[in-house]
Amino acid sequence: MDALSDLPPPAEVIANNVDLLTQILLFLPAKSLIRFKSVSKEWLSLISDSRFAAKHHCRNPRPSISGFFLGWKYTNQSCKCVSLQGDPTGPSLDYLHRNRVVYRIKIVCSSNGLLLCSVVCNEYIDHYLVCNPTTQKYTAIHEPRPGVFSSGVHALLAFDPSKSPCYKVVFLGYCYQPVGTSYVQIDIYCSENASWKQIRAPCRSLLRAVFCRRVIYWFGYETVVSGFDVDSEKMIEVKKPLEVRPMEVRYFGECGGRLVLIQTPYQSTMAFEILEMDMDDCCWIVKCFVHLGPLQSVSPQLESAYRKYYILCVLKGETEKDFELVLTFPEKTIYYNLKCNSWNVLHVPRGQQISPQDSCDTAFPSVESLYPL
């Protein structure tokens with residue numbers, strides 16, 4: 001008994017063994033780990049380390065989505081975070097507005113828990129912010145030279161903590177040349193050393209762009225998808241034409257590490273297919289057929305002749321063939337689980353309501369991340 005009484009308590013053993021402590025903490029959700037930073041200086045240092053954040057992401061490669069950041073591109077409305085579980089204390093971007101009272105902050109894109117936001121003043125983009133809503137930290141990115149942040153430039157955030165602790169912000173600007181070859185100007189910001197790089201690539205037009213599997217894909221009126229490798233910072237050769245019909249595209253984005261396309265012949269169509277790009281054969285494969293008829297009970301507008309709606313986000317469900325959608329109708333935004341044929345109306349938290357006529361036009365998943373900025 002005396003020998004046992006001389007042993008240190010289990011909590012002390014764990015606290016003094018960094019490797020053991022690390023393995024235990026890796027199983028905890030990011031939100032809890034943020035609170036545990038206040039336990040001690042040692043815990044603060046461990047949890048704040050980018051290497052720990054990378055290990056945590058590898059342990060949890062598909063963190064659950066707690067809600068969505070809803071945005072309004074063409075109004076003065078600020079982004080609102082809507083919880084899927086009705087949690088009124090979800091992540092907020094209010095901390096970004098400190099010392100930026102005269103600015104409007106708009107979410108441009110998201111990548112593995114980080115958000116890229118534009119900071120607008122007098123209708124012009126003053127600078128960008130890469131922020132982590134979980135840790136409430138951010139980094140400001142300023143224009144390296146006039147014109148990089150101009151209207152019409154596509155801004156994308158490329159971040160994959162399983163590959164690198166660094167992120168890149170890529171700006172695509174189409175430059176039309178009436179004589180000679182038109183091109184896309186690619187300006188790349190790298191967080192590793194806060195450096196900029198400029199590249200030009202031949203391009204006949206540029207309509208939409210998306211980051212997927214370390215590659216930025218885009219298409220234009222020529223209907224063929226082009227690609228730019230973020231790591232090598234070089235254009236990639238598409239094996240064969242990967243065509244789209246630009247005027248019929250409802251959604252072009254990343255879903256579960258795959259490039260996803262939804263296109264319909266008419267804007268009023270209630271039925272559509274979800275197409276996924278086969279990376280090996282470079283072709284579109286039909287993954288799912290969707291009919292929005294069941295949503296008529298929650299959105300009477302579907303019964304009208306116009307059936308106006310927009311697809312804001314496509315997500316993977318529990319299995320490879322399961323999908324979930326965020327759709328916006330006049331006066332209503334819906335989270336739709338196709339497998340279960342169930343849906344939730346996404347309600348803006350009390351005190352943050354907007355005009356019912358102002359339906360949102362962007363939706364970005366709210367995912368917890370420990371990545372330090």
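Structure shown above.
Below or above, wherever it landed, is the structure these notes cover.

What counts and what doesn't
Residues numbered from 1 in each chain as written. Predicted model: local features only at pLDDT ≥ 70, side-chain atom pairs only at ≥ 80, totals over all residues. Heavy atoms only, no water. Helix = DSSP H or I, 4+ residues; strand = E, 2+ residues; numbered from the N terminus. Buried < 20%, exposed > 50% of the residue type's maximum accessible area, 1.4 Å probe, protein only. Areas by Shrake-Rupley, 256 points an atom, 1.4 Å probe, with all protein chains shown as cover. Pairing = 2+ DSSP bridges. Phe/Tyr/Trp six-rings, centres within 6.5 Å; stacked < 30°, edge-to-face > 60°. Core = buried A, V, L, I, M, F, W, Y, C linked by side-chain atoms within 4.5 Å. Contact = heavy atoms within 4.5 Å. Axes fitted to C-alpha atoms, helices over the stretch in contact; angles between N-to-C directions.

## What to know about the overall build of the chain
Part 1 of the reasoning: Scanning the chain from terminus to terminus reveals 6 helices and 23 strands.
Part 2 of the reasoning: With 373 residues in all, the chain has 47% of them scored as buried.
Part 3 of the reasoning: A total accessible area of about 19600 Å² is found for the chain, and carbon and sulfur atoms account for 51% of it.

## Observations regarding the pairing of strand E8 (residues 167-175)
Along any regular strand the residues' side chains alternate between the sheet's two faces.
Part 1 of the reasoning: With 8 of 9 residues buried, E8 lies mostly within the body of the structure.
Part 2 of the reasoning: The sheet contact formed by E8 and strand E9 (residues 183-190) spans 8 bridges and is antiparallel. The residue bridging Val169 from the neighbouring strand is Tyr189, located in E9.

## A short note on the packing of aromatic side chains
Part 1 of the reasoning: On inspection of all chains with the given rule, the structure shows 13 aromatic pairs.
Part 2 of the reasoning: Relative to Trp43, the ring of Phe36 has its centre 6.0 Å away and its plane inclined at 80°; by these criteria the two rings are edge-to-face.
Part 3 of the reasoning: Measuring from ring centre to ring centre gives 5.7 Å for Phe171 and Trp196, while their planes differ by 25°; the resulting arrangement is stacked. Residue Phe171 is found in strand E8, and its partner Trp196 is found in strand E10 (residues 195-202); the two are separated by 25 residues along the sequence.

## Digging into the nonpolar core
The nonpolar side chains of a soluble globular protein tend to be buried with one another.
Part 1 of the reasoning: Counting residues in each nonpolar core, the largest one holds 31 residues, and the members touching the most others are Leu93, Tyr167 and Val169.
Part 2 of the reasoning: Those elements that place two or more of their residues in this core are strand E3 (104-111), strand E4 (114-121), strand E5 (124-132), strand E7 (154-159) and E8.
Part 3 of the reasoning: For Tyr167, the residues in contact, after removing those within four places along its chain, are Leu114, Val130, Thr139, Leu157, Ala158, Phe159, Tyr189, Cys190, Ser191, Tyr371 and Leu373.
Part 4 of the reasoning: Membership of the second largest hydrophobic core comes to 22 residues, among which are Met270, Leu295, Ile311 and Leu338.

## Quick notes on the sheet that holds strand E18 (residues 283-291)
What links the strands of a sheet is backbone hydrogen bonding, and the strands pair in either a parallel or an antiparallel sense.
Part 1 of the reasoning: An order of E15-E16-E17-E18 is seen for the 4 strands of this open sheet, with the pairing classed as antiparallel. In the strand order of this sheet, the two ends are held by strand E15 (249-255) and E18, each with one partner. Each strand axis lies, on average, 25° off the axis of its neighbour in the sheet, ignoring direction.
Part 2 of the reasoning: Taken together, the 2 bridges between strand E16 (residues 258-263) and strand E17 (residues 271-278) define a ladder with antiparallel strand orientation. Counted as the bridge partner of Val260 is Glu276 from E17.

## Some remarks on the sheet that holds strand E2 (residues 80-83)
Part 1 of the reasoning: Read from one edge of the open sheet, 3 strands run E2-E1-E23, paired in antiparallel fashion. Where the open sheet ends on each side, the last strands, each with one partner, are E2 and strand E23 (362-366). On average, each strand axis in the sheet is inclined to that of its neighbour by 30°, with strand direction left out of account.
Part 2 of the reasoning: Across 4 bridges, the pairing between strand E1 (residues 67-71) and E2 is antiparallel. Within E2, the position partnered with Phe69 by the bridge is Cys81.

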